[in-house]
Amino acid sequence: MTEPDASPPVMPADEGLQPQEMLLEFRGSVREYFRIWIVNLCLTLLTLGVFSAWAKVRKKRYFYSSITIDKTPFQYLAEPLPILKGRIIAVVLFAVYWFSSSFYLPALPWVLGAGMIIAPWVLSRSAAFNARYSAFRNMTFQFRGNYLGAAQTIYWLGLVPLLVVGTMFQWWGNFQAAGFAFLAFYFAFPWWLSRLKDFMVRYTAYGGARGRYSARGGQFFRVYFVAGLIVIGGGIVASLVMFKLIPDAMGSQWSVLLASVPAYLGYMLAYAYIQANVSNLVWNHTQLGPLGFRSTLTGGGMAKLYVTNALGILASLGLLIPWAVMRTLQYRADNMRVLVEGDLAALNGGSVSAVQAAGAELGEMFDLDLSL
Amino acid sequence: MNGHALTFQGYYYNGRQPLRHSATLQFVYGEATLTWDGEPLHYAASNLLVSPRVGRADRFIALPDGGQFQCPDMPALDALPQDSQTEGAVAWLEQRVGVALASVVLIAALLSGGYEFGLPVAARHVAAEIPMETEQALGDESLVWLDDSDWFKPSGLDQATRDRLLRKFAELSVDLPHAQYYRLEFRESGYVGANAFAMPGGTIVITDAMVKLAETDEEVLAVLAHEIGHVELRHVMRQVLQGSAVAVAAATLAGDAATLSAAVTGLPAVLAQAKYSRDFETEADDFAFQLLHKHAMSPEAFATVMERLESKCGCKPGVLDFLSTHPVTSERIKRARAAAQDPASHDHRVSVE
């Protein structure tokens, strides 16, 4: 046994750890999506909404199959019937809410209370449904969050229940209590949102690996704080326009109209800023097995997109909606990178995660999609 | 494809690991052979399932052992068993430019027809079936809420004026189908000035300022006849029904755009509802003109009181009229004068009988 070891030398460790980028492409086209959108919309109207479940499946199939990572498109696998079931339940719930809020206000707090009880169920069921019917490379995603976990997440610190109970006993009639509740909510919301994202990521699994989430509530707070400043800035400019810049001769209606422009732009910019930065925060702090993500959306880029989308949609009486949808997805895809650290083969879901296993669960009684 | 050898180039996924293997799937006499970097796999072509066509995206063929084969879309794939038959038909429609153009025309016709005729007619019939009592809880509560807040204060009118107006109001409404639900309330209100409201459930509120603005009882009755029109024609219920339907339709139409920009979904719904509201005002005006004629009064009283109201507030038509819930006042005055000249000039859909 004097022979030196004949096996090849061990690869240097850093070679295996160097993250590799997987090419993410968006292949959707406005022409194709326009046809899909208009045909499904027409069928939905003709069937008084019944077809909307099929329309949802068709549109989601198109979105999913337009996004490819390393040449493989995503797959949306849901059947329309469970979606239709979910929508019928949603319509009934909405009708109860609508009736009590339009005609029988004393019942409204109790309706809201009942809504509070079923909300965690809706959240966890629809996340599970969505994950189970989303697949990449013949492997479906899973979501394992349950009712209790969802309830602990959304009712954290009892903020939302406080609001509902407050409505029940009409605390909102009291101006100070309402103001205090609003402030408490504004300052606690970023932490609440971070917990919600944590819940969604942590219980999502793919190929036997569970999501890991590392963003902090404080990072969300910074985003919402800056957005609040943007809204206040827009409001200041709007009031300057309204009271200082417009001569009285132009009439009050014109000054309201002109002042609404900076107010709207401020609101739009804040909204876009939140969308971009919350997306970045969540993706950049999410790890799924060997997969990591880099999201580089900017508030300015999003705002430009939103404003041009709004103008295009209004000017075309809605016909440019597919164009707006496609260019928004394109922008999001352009600003997303998928990185692999290590070996993809480490993801091994066994046979349960194959696409056909998802279909086998179709018989499950509560297989329905409640997300609208 | 019987008899022919047919080969698809694509990728194979085993369903256990997210690895992409270059592969070919070859069909010979109803048997499919998958060649990849592992052992070749054999299947009966009839056991395969092809995913629905969507756009020009790659399609997936499900293999009986849990594997999947991905390949570019080709017409030949239609000869294999399909995963979903209904979606195949929809996909066929989606491929055609003519169908898309026809859809645009059909949607435009459905929406404008539904908005102009379908929804108002449906709401009128549904509202007629819903008992008036449904609205009463809401009306009573709203009045209590307004009384508790700073909006309404007790009326400062003297008892004689009130009794006289109550008697004439009763005479005006006694023969109407909803006579049992009418109740006239007087309130002092600094915020809203000269005004009158039809509350849900049949209660009509008139402000002291309105009574004082009118120079004759006939003018007060003209205003009340308009509010009676709102109640008699079930405008509260119809507004709720039509408004909800518009909101649902707007959400459906702009569903995709909702997340892209919230303002796009809200604005059309607001505009659509404002137009319905203006239609109701015109309808209530027409009803009032007829009711006044029936009680031997002239719509001229309505015209004079509206004129005084307009001159007092100094309101002029402006750029935001399309957002308004009420028609332009000068138009309403013109219609009242026309009705005073010719009792038959009103809208025939509205009937007082």
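All of these numbers come straight from a predicted model, not from anything done at the bench.

**Student:** Whenever I open this one, the overall build of chain B confuses me. Can you help?
**Tutor:** Of the regular secondary structure elements, chain B holds 11 helices and 11 strands. Here chain B, with 353 residues, has 45% of them falling under the buried criterion. Residue pairs at least 24 apart in sequence account for 61% of intrachain contacts in chain B once pairs closer than 6 positions are excluded. With an accessible surface of roughly 16,500 Å², chain B has 59% of that area assigned to carbon and sulfur atoms.

**Student:** I would appreciate a short explanation of the overall build of chain A in the present structure.
**Tutor:** For chain A, the count of helices and strands is 13 helices and 11 strands. Within chain A, contacts between residues at least 6 apart in sequence are counted, and of these 75% link residues at least 24 apart. Surface exposure of chain A reaches about 19,400 Å², of which carbon and sulfur atoms provide 69%.

**Student:** How do you make sense of the environment of Val-256 of chain A when you look at a structure like this?
**Tutor:** Residue and element names in this part refer to chain A. The topology assignment puts Val-256 in helix α10 (residues 252-284). Given a relative accessible area of 42%, Val-256 falls into the partly exposed group. Between the C-alpha atom of Val-256 and that of Leu-329, which follows or precedes it by 73 residues, the distance is 34 Å.

**Student:** Where do I start with the pairing of strand β1 (residues 6-13) of chain B in this structure?
**Tutor:** Regular strands place side chains that alternate from one sheet face to the opposite one. Residue and element names in this part refer to chain B. Bridging between β1 and strand β2 (residues 21-28) involves 7 bridges; their strand directions are antiparallel. Along β2, the bridge assignment pairs Leu-6 with Phe-27. Pairing between β1 and strand β7 (residues 68-71): 3 bridges, direction antiparallel. Following the sheet pairing, Tyr-12 is matched in β7 by Phe-69.

**Student:** Sorry if this is basic, but what is going on with the packing of aromatic side chains here?
**Tutor:** Residues and elements named next belong to chain B. If you walk through the whole model with that rule in mind, you get 27 aromatic pairs over all chains. Judged by centre distance (4.7 Å) and plane angle (40°), the rings of Tyr-115 and Tyr-276 are tilted. Taken together, the residues Tyr-115 in helix α2 (residues 97-129) and Tyr-276 in helix α9 (residues 262-294) connect sequence positions 161 residues apart. Taking the relative accessible area as the measure of exposure, Tyr-276 reaches 3% and is therefore buried. The ring centre of Tyr-11 lies 4.7 Å from the NZ or CZ of Arg-20, which sits over that ring. Positioned above the aromatic ring of Trp-92, the side-chain terminus of Arg-96 is 4.1 Å from the ring centre.

**Student:** So what exactly am I meant to see when it comes to the pairing of β7 of chain B here?
**Tutor:** Residues and elements named next belong to chain B. Burial along β7 is two-sided: the face carrying Gln-68 and Gln-70 and the face carrying Phe-69 and Cys-71 are both buried. In this sheet, β7 lies alongside strand β6 (residues 59-62) in antiparallel orientation, the contact comprising 4 bridges. The residue of β7 that forms the bridge with Arg-59 is Cys-71. Where β6 folds back onto β7 in an antiparallel hairpin, the turn is made up of 5 residues, including Gly-66, whose phi is positive at roughly 100°.

**Student:** Explanation requested: the sheet that holds strand β8 (residues 153-154) of chain B in the structure shown.
**Tutor:** Note on sheets: strands pair through backbone hydrogen bonds, and any given pair is parallel or antiparallel. All names here are of chain B. Strand order in the open sheet made by the 4 strands is β8-β9-β11-β10, with mixed pairing throughout. The open sheet has two edge strands, β8 and β10 (196-198), and neither has a second partner. When β10 meets strand β11 (residues 203-207), the two strands line up antiparallel, connected through 3 bridges. Within β11, the residue paired with Ala-198 across the bridge is Ile-204. Sheet strands touched by helix α3 (residues 133-148): β9 (183-188) and β11. Its angle to β9, the strand with the most contacts, is close to 15°.

**Student:** It is not clear to me how the interface of chain A and chain B should be interpreted in this structure. Could you clarify?
**Tutor:** On the side of chain B, 64 residues touch chain A, which itself brings 67 residues to the contact. Regarding the contact of chain A and chain B, the summed buried area is about 5,600 Å², with carbon and sulfur atoms giving 66% of it. Here chain A is connected to chain B by 5 salt bridges. For Arg-20 of chain B, the salt bridge is made with Asp-70 of chain A, and the minimal N-O distance between the two is 3.0 Å. Of all the secondary structure elements, the ones that give two or more residues to the side of chain A that touches chain B are α2 (30-46), α3 (52-66), β4 (72-76), α4 (80-102), α10, α11 (299-315), α12 (321-334) and α13 (355-360) of chain A. A total of 15 residues in the side of chain A that touches chain B trace back to one element, the largest contributor, which is α2 of chain A.

**Student:** Looking at this structure, how should I read the sheet that holds β1 of chain B?
**Tutor:** Reading across the sheet, the 7 strands line up as β4-β3-β2-β1-β7-β6-β5 (chain B) and stay open at both edges, with antiparallel pairing between neighbours. At either end of the open sheet lies a strand with only one pairing partner, and these are β4 (41-44) and β5 (49-50) of chain B.

**Student:** Can you walk me through the confidence of the model for chain B in this structure?
**Tutor:** The predicted structure's coordinates, where accompanied by low pLDDT, should not be read in detail. Residues and elements named next belong to chain B. With 90% of its residues at a pLDDT of 70 or more, chain B has an overall mean of 86. Per-element mean pLDDT across chain B ranges from 65 in helix α8 (residues 255-258) up to 95 in β7. Segment residues 348-353: pLDDT under 50, and 13 contacts once partners within four positions in sequence are set aside and those in other chains are kept. Interface confidence for the predicted complex, expressed as ipTM, amounts to 0.81; the pTM equals 0.83.

**Student:** In this structure, what is going on with α11 of chain A? I would like to understand it.
**Tutor:** Because an α-helix completes one turn every 3.6 residues, residues spaced three or four positions apart along the sequence face the same direction. Residue and element names in this part refer to chain A. With 17 residues, α11 extends 24 Å between its outermost C-alpha atoms, agreeing within 8% with the 24 Å of an ideal straight helix rising 1.5 Å per residue. What α11 keeps buried is the set Gly-299, Gly-301, Met-302, Ala-303, Leu-305, Tyr-306, Asn-309, Ala-310, Gly-312 and Ile-313. Two residues or fewer past α11, Leu-317 is found with a positive phi of approximately 55°.

**Student:** Where do I start with the pattern of salt bridges in this structure?
**Tutor:** Side-chain pairing between opposite charges can occur once the charged atoms of the two side chains come close. Enumeration according to the criterion identifies 30 salt bridges over all chains in this entry. Glu-87 of chain B is the salt-bridge partner of Arg-61 of chain A, the closest N and O atoms lying 2.6 Å from each other. In this pair, Arg-61 of chain A is assigned in helix α3 and Glu-87 of chain B in helix α1 (residues 85-94), connecting two distinct chains. The class of Arg-61 of chain A is buried, set by a relative accessible area of 10%. When its relative accessible area of 3% is taken as the criterion, Glu-87 of chain B is described as buried. Connected through shared salt-bridge partners, Arg-58 and Arg-61 of chain A together with Glu-87 and Glu-94 of chain B make up one network.

**Student:** Sorry, what's going on with a nonpolar patch on the surface here?
**Tutor:** All names here are of chain A. Together, Ile-89, Leu-93, Ile-117, Ile-118 and Tyr-147 make up a nonpolar patch on the protein surface, roughly 410 Å² of accessible area in all. Where the nonpolar patch is concerned, the elements lending two or more residues are α4 and α5 (108-132). Mapping Ile-118 onto the fold places it in helix α5.

**Student:** Is there a simple way to think about the environment of Met-297 of chain B in this case?
**Tutor:** Along the chain, the position of Met-297 of chain B falls in the loop between α9 and α10 (300-313). A sequence separation of 37 residues divides Met-297 of chain B from Lys-334 of chain B, and the C-alpha atoms of the two residues are 17 Å apart.

**Student:** Can you walk me through the packing of helix α4 (residues 159-173) of chain B against helix α6 (residues 217-232) of chain B in this structure?
**Tutor:** Helix-helix packing: each pair is described by the crossing angle between the helix axes and the interaxial distance. All names here are of chain B. Two numbers describe how α4 lies on α6: the axes approach to 10 Å, and their chain directions differ by 50°. Of the possible angle classes, the one that applies to α4 and α6 is oblique. The way α4 lies across α6 gives a crossing that is right-handed. Residues Arg-164, Leu-165, Lys-168, Phe-169, Leu-172 and Ser-173 of α4 touch α6, and the partners they reach there are Asp-217, Val-220, Leu-221, Leu-224, Ala-225 and Ile-228. Within the contact of α4 with α6, the residues separate by chemical class into 8 nonpolar, 1 polar and 3 charged.

**Student:** Hey, could you run me through the packing of α5 of chain A against helix α6 (residues 147-154) of chain A in this one?
**Tutor:** Residue and element names in this part refer to chain A. One can describe the packing of α5 onto α6 by two numbers: an axis separation of 8 Å at closest approach and a directional angle of 115°. Between α5 and α6 lies a crossing whose hand is right-handed. Contacts from Ile-117, Ala-119, Pro-120, Trp-121, Leu-123 and Ser-124 in α5 reach Tyr-147, Ala-150, Ala-151 and Ile-154 in α6. A per-class count over the contact of α5 with α6 returns 9 nonpolar, 1 polar and no charged.

Rules used in this analysis
- Residues numbered from 1 in each chain as written.
- Chains lettered and ligands numbered in written order.
- Predicted model: local features only at pLDDT ≥ 70, side-chain atom pairs only at ≥ 80, totals over all residues.
- Heavy atoms only, no water.
- Helix = DSSP H or I, 4+ residues; strand = E, 2+ residues; numbered from the N terminus.
- Buried < 20%, exposed > 50% of the residue type's maximum accessible area, 1.4 Å probe, protein only.
- Contact = heavy atoms within 4.5 Å.
- Areas by Shrake-Rupley, 256 points an atom, 1.4 Å probe, with all protein chains shown as cover.
- Pairing = 2+ DSSP bridges.
- Phe/Tyr/Trp six-rings, centres within 6.5 Å; stacked < 30°, edge-to-face > 60°.
- Lys NZ or Arg CZ within 6 Å of the ring centre and 35° of its normal.
- Axes fitted to C-alpha atoms, helices over the stretch in contact; angles between N-to-C directions.
- Buried area = accessible area lost by both parts, 1.4 Å probe.
- Salt bridge = Lys/Arg side-chain N within 4 Å of Asp/Glu carboxyl O.
- pLDDT = per-residue confidence, 0-100.
- Expected span 1.5 Å × (residues − 1).
- Patch = residues over 30% accessible without salt bridge, like charges linked within 9 Å, V, L, I, M, F, W, Y side chains within 5 Å.
- Parallel < 35°, antiparallel > 145°, perpendicular 65-115°, else oblique.
- Left-handed = near helix turned anticlockwise from the far one by under 90°.
- Nonpolar A, V, L, I, M, F, W, Y, C, P; charged D, E, K, R; others polar.

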